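Listed here are the chains, written in short residue letters.
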Amino acid sequence: MVRTSRIDLAPEDHLRAIGTIFAVFDRQDSGNMSYGVEWDGERHFVKTAGRAEDPEQRWVLLRNAARIGATYRHEALPALREVIESPHGPVLIYDWADGELLGVPRDRRDDPASAFHRFRHLPPERIAAALDSVVEVHDLLGRAGEVAGDFYDGCLIYDFGTHRMSVVDLDHYRPGPYVNEMGRMFGSTRFMAPEEFVKGETIDQRTSVFTLGRAVLVLLGDGTTHREAFRGPAALWEVAIRACQPLPADRQPDLASFAADWREARSLEGGRMA
Ligand SMILES: Nc1ncnc2c1ncn2[C@@H]1O[C@H](COP(=O)(O)OP(=O)(O)OP(=O)(O)O)[C@@H](O)[C@H]1O
Ligand SMILES: [Mg+2]
(Lines give C-alpha, C1' and ligand atoms only; values in the text may rest on other atoms or scores of the structure.)
(Ligands and ions follow the chains in the order given, each with its own letter.)
Protein backbone atom coordinates (compact mmCIF):
# COMPACT_ATOMS: atom_id res chain seq x y z
CA MET A 1 0.00 0.00 0.00
CA VAL A 2 1.26 3.43 -0.93
CA ARG A 3 0.22 6.12 1.54
CA THR A 4 -0.91 9.51 0.28
CA SER A 5 -0.81 12.83 2.09
CA ARG A 6 -0.54 16.55 1.52
CA ILE A 7 1.85 19.23 2.77
CA ASP A 8 1.89 23.03 2.51
CA LEU A 9 5.67 23.33 2.90
CA ALA A 10 8.20 23.14 0.10
CA PRO A 11 9.39 19.49 -0.07
CA GLU A 12 12.91 20.23 1.14
CA ASP A 13 11.64 22.15 4.19
CA HIS A 14 9.33 19.25 5.00
CA LEU A 15 12.18 16.74 4.69
CA ARG A 16 14.40 18.81 6.99
CA ALA A 17 11.60 18.88 9.53
CA ILE A 18 11.01 15.12 9.56
CA GLY A 19 14.53 13.73 9.11
CA THR A 20 18.15 14.16 8.12
CA ILE A 21 19.11 14.74 4.51
CA PHE A 22 22.26 12.72 3.83
CA ALA A 23 22.38 12.94 0.02
CA VAL A 24 21.17 15.41 -2.60
CA PHE A 25 20.74 14.66 -6.31
CA ASP A 26 20.45 18.08 -7.92
CA ARG A 27 22.36 17.60 -11.15
CA GLN A 28 20.15 15.17 -13.01
CA ASP A 29 19.37 15.61 -16.71
CA SER A 30 15.70 15.55 -15.73
CA GLY A 31 16.06 18.71 -13.65
CA ASN A 32 14.45 16.86 -10.74
CA MET A 33 15.66 17.31 -7.16
CA SER A 34 15.96 14.11 -5.17
CA TYR A 35 17.23 13.33 -1.70
CA GLY A 36 18.50 10.60 0.54
CA VAL A 37 16.70 11.17 3.83
CA GLU A 38 16.81 9.24 7.08
CA TRP A 39 14.03 9.16 9.66
CA ASP A 40 12.98 6.60 12.27
CA GLY A 41 16.31 4.84 11.67
CA GLU A 42 15.45 4.11 8.02
CA ARG A 43 16.90 5.53 4.85
CA HIS A 44 14.64 6.72 2.03
CA PHE A 45 15.02 7.99 -1.51
CA VAL A 46 12.79 11.02 -2.04
CA LYS A 47 12.12 12.27 -5.56
CA THR A 48 10.71 15.70 -6.33
CA ALA A 49 10.41 17.95 -9.38
CA GLY A 50 12.37 20.68 -7.61
CA ARG A 51 11.34 24.28 -8.18
CA ALA A 52 10.99 24.09 -11.93
CA GLU A 53 9.70 27.16 -13.71
CA ASP A 54 7.81 24.93 -16.10
CA PRO A 55 7.13 21.88 -13.97
CA GLU A 56 4.14 20.43 -15.80
CA GLN A 57 6.01 17.73 -17.73
CA ARG A 58 8.06 16.67 -14.71
CA TRP A 59 4.95 16.41 -12.55
CA VAL A 60 3.37 14.19 -15.20
CA LEU A 61 6.42 11.90 -15.17
CA LEU A 62 6.45 11.75 -11.37
CA ARG A 63 2.75 10.88 -11.34
CA ASN A 64 3.52 8.14 -13.85
CA ALA A 65 6.29 6.89 -11.55
CA ALA A 66 3.74 6.91 -8.72
CA ARG A 67 1.38 4.81 -10.86
CA ILE A 68 4.13 2.28 -11.51
CA GLY A 69 5.26 2.25 -7.89
CA ALA A 70 1.68 1.62 -6.74
CA THR A 71 1.15 -1.19 -9.25
CA TYR A 72 4.28 -3.34 -9.14
CA ARG A 73 6.23 -4.89 -6.32
CA HIS A 74 9.47 -6.80 -6.87
CA GLU A 75 12.47 -7.32 -4.64
CA ALA A 76 14.67 -5.59 -7.22
CA LEU A 77 12.39 -2.52 -7.29
CA PRO A 78 12.85 -0.19 -4.29
CA ALA A 79 9.32 -0.01 -2.91
CA LEU A 80 7.31 3.19 -3.20
CA ARG A 81 5.96 3.94 0.30
CA GLU A 82 4.29 7.30 0.08
CA VAL A 83 3.23 10.02 -2.33
CA ILE A 84 2.91 13.50 -0.84
CA GLU A 85 1.21 16.30 -2.78
CA SER A 86 3.13 19.52 -2.20
CA PRO A 87 2.97 23.07 -3.58
CA HIS A 88 5.86 21.99 -5.83
CA GLY A 89 4.21 18.85 -7.14
CA PRO A 90 4.29 15.21 -6.09
CA VAL A 91 6.95 13.97 -3.68
CA LEU A 92 7.69 10.26 -4.02
CA ILE A 93 9.14 8.36 -1.07
CA TYR A 94 10.91 5.11 -1.91
CA ASP A 95 13.01 2.67 0.07
CA TRP A 96 16.68 3.52 -0.23
CA ALA A 97 18.65 1.08 -2.41
CA ASP A 98 22.13 0.36 -1.10
CA GLY A 99 24.91 0.13 -3.62
CA GLU A 100 26.47 2.04 -6.45
CA LEU A 101 24.99 3.37 -9.67
CA LEU A 102 26.43 1.40 -12.60
CA GLY A 103 25.94 4.27 -15.04
CA VAL A 104 28.92 6.61 -14.86
CA PRO A 105 30.01 9.43 -17.18
CA ARG A 106 31.57 8.14 -20.40
CA ASP A 107 35.11 9.19 -19.45
CA ARG A 108 34.94 7.10 -16.27
CA ARG A 109 33.82 3.82 -17.87
CA ASP A 110 37.41 2.60 -18.19
CA ASP A 111 38.41 3.92 -14.79
CA PRO A 112 39.14 0.84 -12.63
CA ALA A 113 37.63 2.69 -9.64
CA SER A 114 34.27 3.25 -11.33
CA ALA A 115 31.29 1.06 -10.50
CA PHE A 116 30.75 0.38 -14.20
CA HIS A 117 34.28 -0.97 -14.64
CA ARG A 118 34.22 -2.97 -11.42
CA PHE A 119 30.87 -4.52 -12.27
CA ARG A 120 31.98 -5.54 -15.77
CA HIS A 121 35.03 -7.22 -14.28
CA LEU A 122 33.11 -9.36 -11.80
CA PRO A 123 33.01 -13.09 -12.48
CA PRO A 124 30.54 -13.60 -15.38
CA GLU A 125 28.16 -15.65 -13.23
CA ARG A 126 27.80 -12.70 -10.82
CA ILE A 127 26.94 -10.41 -13.72
CA ALA A 128 24.47 -12.88 -15.19
CA ALA A 129 22.83 -13.40 -11.79
CA ALA A 130 22.41 -9.63 -11.41
CA LEU A 131 20.96 -9.50 -14.93
CA ASP A 132 18.49 -12.24 -13.88
CA SER A 133 16.87 -9.65 -11.56
CA VAL A 134 16.71 -7.07 -14.33
CA VAL A 135 15.06 -9.61 -16.63
CA GLU A 136 12.58 -10.72 -13.93
CA VAL A 137 11.51 -7.12 -13.27
CA HIS A 138 10.90 -6.63 -16.98
CA ASP A 139 9.01 -9.91 -17.24
CA LEU A 140 6.69 -8.65 -14.49
CA LEU A 141 6.21 -5.25 -16.13
CA GLY A 142 5.96 -6.74 -19.60
CA ARG A 143 3.21 -9.18 -18.65
CA ALA A 144 1.15 -6.17 -17.59
CA GLY A 145 1.81 -4.50 -20.93
CA GLU A 146 4.39 -1.88 -19.92
CA VAL A 147 6.82 -0.56 -22.50
CA ALA A 148 10.25 0.48 -21.23
CA GLY A 149 11.56 4.01 -21.68
CA ASP A 150 14.93 5.57 -20.90
CA PHE A 151 16.27 2.33 -19.41
CA TYR A 152 20.09 2.25 -19.25
CA ASP A 153 22.89 1.48 -16.82
CA GLY A 154 21.98 4.69 -14.97
CA CYS A 155 18.88 2.82 -13.77
CA LEU A 156 20.91 0.07 -12.11
CA ILE A 157 22.21 0.21 -8.56
CA TYR A 158 24.42 -2.74 -7.60
CA ASP A 159 25.52 -3.62 -4.10
CA PHE A 160 28.97 -5.17 -4.43
CA GLY A 161 28.74 -6.54 -0.88
CA THR A 162 25.37 -8.32 -1.02
CA HIS A 163 25.29 -8.72 -4.85
CA ARG A 164 21.83 -7.22 -4.96
CA MET A 165 20.72 -5.38 -8.08
CA SER A 166 18.08 -2.65 -7.88
CA VAL A 167 16.25 -1.11 -10.84
CA VAL A 168 15.28 2.54 -10.42
CA ASP A 169 13.79 5.41 -12.43
CA LEU A 170 10.95 3.83 -14.39
CA ASP A 171 9.41 7.29 -14.90
CA HIS A 172 9.38 6.96 -18.71
CA TYR A 173 7.77 3.50 -18.86
CA ARG A 174 4.34 3.56 -20.50
CA PRO A 175 1.33 1.25 -20.14
CA GLY A 176 1.32 0.20 -23.80
CA PRO A 177 2.73 0.80 -27.28
CA TYR A 178 2.82 4.32 -28.71
CA VAL A 179 4.17 6.29 -31.64
CA ASN A 180 7.51 8.05 -31.47
CA GLU A 181 6.54 11.73 -31.66
CA MET A 182 9.99 13.09 -30.81
CA GLY A 183 12.50 11.80 -33.30
CA ARG A 184 15.42 11.01 -31.00
CA MET A 185 13.77 9.99 -27.77
CA PHE A 186 15.04 10.17 -24.20
CA GLY A 187 17.70 7.62 -23.48
CA SER A 188 21.29 6.58 -23.71
CA THR A 189 22.31 5.83 -27.31
CA ARG A 190 24.11 2.63 -26.23
CA PHE A 191 20.75 1.13 -25.16
CA MET A 192 18.37 2.57 -27.73
CA ALA A 193 16.67 0.77 -30.61
CA PRO A 194 16.65 2.20 -34.16
CA GLU A 195 12.95 3.09 -33.91
CA GLU A 196 13.72 5.36 -30.95
CA PHE A 197 15.48 7.73 -33.34
CA VAL A 198 12.73 8.02 -35.97
CA LYS A 199 9.56 10.05 -35.67
CA GLY A 200 6.44 8.10 -36.57
CA GLU A 201 7.84 4.66 -35.64
CA THR A 202 6.04 2.37 -33.22
CA ILE A 203 7.57 1.97 -29.77
CA ASP A 204 6.47 -1.30 -28.20
CA GLN A 205 7.87 -4.19 -26.17
CA ARG A 206 10.11 -5.19 -29.06
CA THR A 207 11.81 -1.86 -28.41
CA SER A 208 12.13 -2.82 -24.74
CA VAL A 209 13.55 -6.21 -25.80
CA PHE A 210 16.25 -4.42 -27.82
CA THR A 211 17.16 -2.31 -24.78
CA LEU A 212 17.51 -5.38 -22.55
CA GLY A 213 19.61 -7.10 -25.22
CA ARG A 214 21.86 -4.07 -25.24
CA ALA A 215 22.13 -4.21 -21.44
CA VAL A 216 23.34 -7.81 -21.74
CA LEU A 217 25.90 -6.93 -24.43
CA VAL A 218 27.14 -3.88 -22.53
CA LEU A 219 27.50 -5.65 -19.19
CA LEU A 220 28.58 -9.18 -20.19
CA GLY A 221 30.36 -8.08 -23.38
CA ASP A 222 32.06 -4.88 -24.42
CA GLY A 223 28.97 -3.27 -25.91
CA THR A 224 29.63 -4.72 -29.35
CA THR A 225 27.98 -7.81 -30.84
CA HIS A 226 31.33 -9.65 -31.00
CA ARG A 227 31.18 -13.18 -29.66
CA GLU A 228 34.87 -13.02 -28.52
CA ALA A 229 34.14 -10.00 -26.35
CA PHE A 230 31.20 -11.72 -24.65
CA ARG A 231 32.08 -13.28 -21.29
CA GLY A 232 29.14 -15.68 -21.12
CA PRO A 233 28.13 -18.86 -22.94
CA ALA A 234 26.90 -18.91 -26.54
CA ALA A 235 23.28 -19.48 -25.50
CA LEU A 236 23.11 -16.16 -23.60
CA TRP A 237 24.91 -14.31 -26.35
CA GLU A 238 22.40 -15.64 -28.89
CA VAL A 239 19.46 -14.38 -26.79
CA ALA A 240 21.01 -10.91 -26.76
CA ILE A 241 21.84 -10.98 -30.46
CA ARG A 242 18.27 -11.83 -31.39
CA ALA A 243 17.02 -9.06 -29.09
CA CYS A 244 19.26 -6.52 -30.82
CA GLN A 245 18.14 -7.17 -34.39
CA PRO A 246 17.55 -3.88 -36.23
CA LEU A 247 14.08 -4.93 -37.40
CA PRO A 248 11.59 -5.31 -34.53
CA ALA A 249 9.99 -8.30 -36.30
CA ASP A 250 13.27 -10.23 -36.00
CA ARG A 251 13.47 -9.86 -32.19
CA GLN A 252 11.70 -11.77 -29.43
CA PRO A 253 8.11 -10.49 -29.79
CA ASP A 254 7.72 -9.22 -26.22
CA LEU A 255 9.37 -9.00 -22.82
CA ALA A 256 7.89 -12.28 -21.60
CA SER A 257 9.41 -14.13 -24.59
CA PHE A 258 12.76 -12.47 -24.01
CA ALA A 259 12.59 -13.49 -20.34
CA ALA A 260 11.65 -17.07 -21.32
CA ASP A 261 14.60 -17.27 -23.75
CA TRP A 262 16.93 -15.81 -21.14
CA ARG A 263 15.79 -18.28 -18.48
CA GLU A 264 16.12 -21.21 -20.83
CA ALA A 265 19.64 -20.17 -21.85
CA ARG A 266 20.55 -19.75 -18.18
CA SER A 267 19.30 -23.26 -17.38
CA LEU A 268 21.34 -24.93 -20.12
CA GLU A 269 24.62 -26.50 -19.21
CA GLY A 270 27.10 -23.66 -19.37
CA GLY A 271 24.31 -21.07 -18.91
CA ARG A 272 25.60 -20.84 -15.38
CA MET A 273 29.21 -19.96 -15.16
CA ALA A 274 31.81 -20.58 -12.53
N1 LIG B 1 15.77 4.01 -4.45
C2 LIG B 1 16.97 4.61 -4.54
N3 LIG B 1 17.88 4.43 -3.57
C4 LIG B 1 19.09 5.05 -3.62
N5 LIG B 1 19.48 5.85 -4.62
C6 LIG B 1 18.62 6.05 -5.64
C7 LIG B 1 17.33 5.44 -5.67
N8 LIG B 1 16.70 5.81 -6.81
C9 LIG B 1 17.57 6.62 -7.46
N10 LIG B 1 18.73 6.78 -6.76
C11 LIG B 1 19.88 7.62 -7.12
O12 LIG B 1 19.42 8.91 -7.43
C13 LIG B 1 19.77 9.28 -8.74
C14 LIG B 1 18.64 10.05 -9.36
O15 LIG B 1 17.50 9.22 -9.44
P16 LIG B 1 16.66 9.12 -10.77
O17 LIG B 1 17.48 8.61 -11.88
O18 LIG B 1 15.42 8.38 -10.43
O19 LIG B 1 16.32 10.66 -11.01
P20 LIG B 1 15.98 11.47 -12.34
O21 LIG B 1 15.53 12.78 -11.86
O22 LIG B 1 15.04 10.68 -13.18
O23 LIG B 1 17.39 11.61 -13.01
P24 LIG B 1 17.91 11.32 -14.50
O25 LIG B 1 17.76 12.60 -15.26
O26 LIG B 1 19.36 10.98 -14.28
O27 LIG B 1 17.10 10.19 -15.05
C28 LIG B 1 20.06 7.96 -9.44
O29 LIG B 1 20.99 8.16 -10.47
C30 LIG B 1 20.63 7.10 -8.33
O31 LIG B 1 21.99 7.38 -8.15
MG1 LIG C 1 15.02 9.85 -15.02
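Up top is the structure these notes are about.
Think of each chain on its own: its residues are numbered from 1, step by step along the sequence as written. Chain letters start at A and ligand numbers start at 1, both assigned in the order the entries are written. Selection of residues for local features in this predicted model requires a pLDDT of at least 70, selection of side-chain atom pairs for listing and counting requires 80 or more, and totals for whole chains, interfaces and linings are taken over all residues. Side-chain metrics in this entry use all non-hydrogen atoms of the structure; hydrogen atoms and water are not considered.

Enquirer: Explanation requested: the site of ligand 1 in the structure shown.
Expert: For this description, a residue counts as near a given molecule or strand if any of its non-hydrogen atoms is within 4 Å of it. Ligand 1 sits among 15 residues. The nearest are Gln 28, Ser 30, Lys 47, Ala 97 and Asp 169. Pairs of N or O atoms within 3.5 Å make up the polar contacts considered here, provided that, within protein, one atom can donate a hydrogen while the other can accept it, and that residues adjacent in sequence are counted only when both atoms are side-chain atoms. In the environment of ligand 1, an oxygen atom lies 2.7 Å from a nitrogen or oxygen atom belonging to the side chain of Lys 47. For ligand 1, the accessible surface in isolation is 610 Å², of which the surrounding protein chains cover 91%. In this count, Pro and Cys sit with the nonpolar residues alongside Ala, Val, Leu, Ile, Met, Phe, Trp and Tyr, while Asp, Glu, Lys and Arg are called charged and the others, Gly among them, polar. In the shell around ligand 1, the residues fall into eight nonpolar, three polar and four charged. For the purposes of this description, domain bounds are those given by an automatic or database domain assignment. Looking at which domains feed residues into the shell around ligand 1, each of domain 1 (3–95) and domain 2 (100–267) gives three or more. Residue burial considers only the protein chains on display, and all accessible areas are found by Shrake-Rupley using a 1.4 Å probe.

Enquirer: Any chance you could explain the pairing of strand S3 (residues 33–39) here in plain terms?
Expert: Look at any regular strand and the pattern is simple: side chains alternate between the two faces of the sheet. Among the seven residues that make up S3, five are buried, leaving the element largely enclosed by the rest of the structure. At least two DSSP bridges between two strands are required for those strands to pair. A run of H or I in DSSP becomes a helix once it reaches four residues, and a run of E becomes a strand once it reaches two; helices and strands are each numbered from the N terminus. Bridging between strand S2 (residues 20–25) and S3 involves five bridges; their strand directions are antiparallel. By the bridge assignment, Val 24 is partnered in S3 with Tyr 35. Bridge analysis of S3 against strand S4 (residues 42–48) gives seven bridges, and the strand direction is antiparallel. Each bridged residue has a counterpart across the sheet, and for Trp 39 the counterpart in S4 is Glu 42. Taking the residues that link successive antiparallel strands as the turn, the S3-S4 hairpin has two residues, and the phi of Asp 40 there is positive, at about 50°. Relative accessibility decides the category of a residue: with a 1.4 Å probe and only protein chains considered, values under 20% of the type maximum give buried, values over 50% give exposed, and everything between is partly exposed.

Enquirer: Teacher, can you tell me more about the packing of helix H5 (residues 205–220) against helix H6 (residues 234–243) here?
Expert: The description of two packed helices rests on the angle between their axes and on the distance between the axes. Two elements in contact, H5 and H6, have axes separated by 7 Å at closest approach and are oriented at 135°. Judged on the interaxial angle alone, H6 and H5 are oblique. Handedness of the crossing formed by H5 with H6: left-handed. Residues Val 209, Phe 210, Gly 213, Val 216, Leu 217 and Leu 220 of H5 touch H6, and the partners they reach there are Leu 236, Trp 237, Ala 240 and Ala 243. Looking at the contact of H5 with H6 residue by residue, the classes come out as nine nonpolar, one polar and no charged. Axes, fitted as lines to C-alpha atoms, cover a helix only where it is in contact. Angles between the N-to-C directions of the axes lie from 0 to 180 degrees. Put simply, angles under 35 degrees are roughly parallel, angles over 145 are roughly antiparallel, angles from 65 to 115 are roughly perpendicular, and the rest are oblique. Crossing handedness is defined as follows: a turn of the near helix away from the far one that is anticlockwise and smaller than a right angle gives a left-handed crossing, while the clockwise case is right-handed. Two residues form a contact once any of their heavy atoms are found within 4.5 Å.

Enquirer: Any chance you could explain the packing of aromatic side chains here in plain terms?
Expert: Geometry of an aromatic ring pair is reported as the spacing of the ring centres plus the angle between the planes. Any two rings among Phe, Tyr and Trp, with Trp reduced to its six-membered ring, count as a pair given centres within 6.5 Å; such a pair is stacked if its planes are under 30 degrees apart, edge-to-face if over 60, and tilted if neither. What the rule picks out here adds up to seven aromatic pairs. Their ring planes at 90° and their centres at 5.0 Å tell us that Tyr 158 and Phe 160 sit as a pair that is edge-to-face. Overall, Tyr 158 belongs to the buried group, its relative accessible area being 0%. Put simply, the rings of Phe 22, Phe 25, Phe 45, Tyr 94 and Trp 96 pair up and form one aromatic cluster. In this scheme, the term charge over a ring applies when either NZ of a lysine or CZ of an arginine sits within 6 Å of the ring centre and within 35 degrees of the ring normal. Residue placement shows Arg 118 over the ring face of Phe 160; its charged tip is 4.4 Å from the ring centre. We note Arg 174 situated over the ring of Tyr 178; from NZ or CZ to the ring centre the distance is 3.6 Å.

Scope: geometric values only; no functional claims are made or implied.
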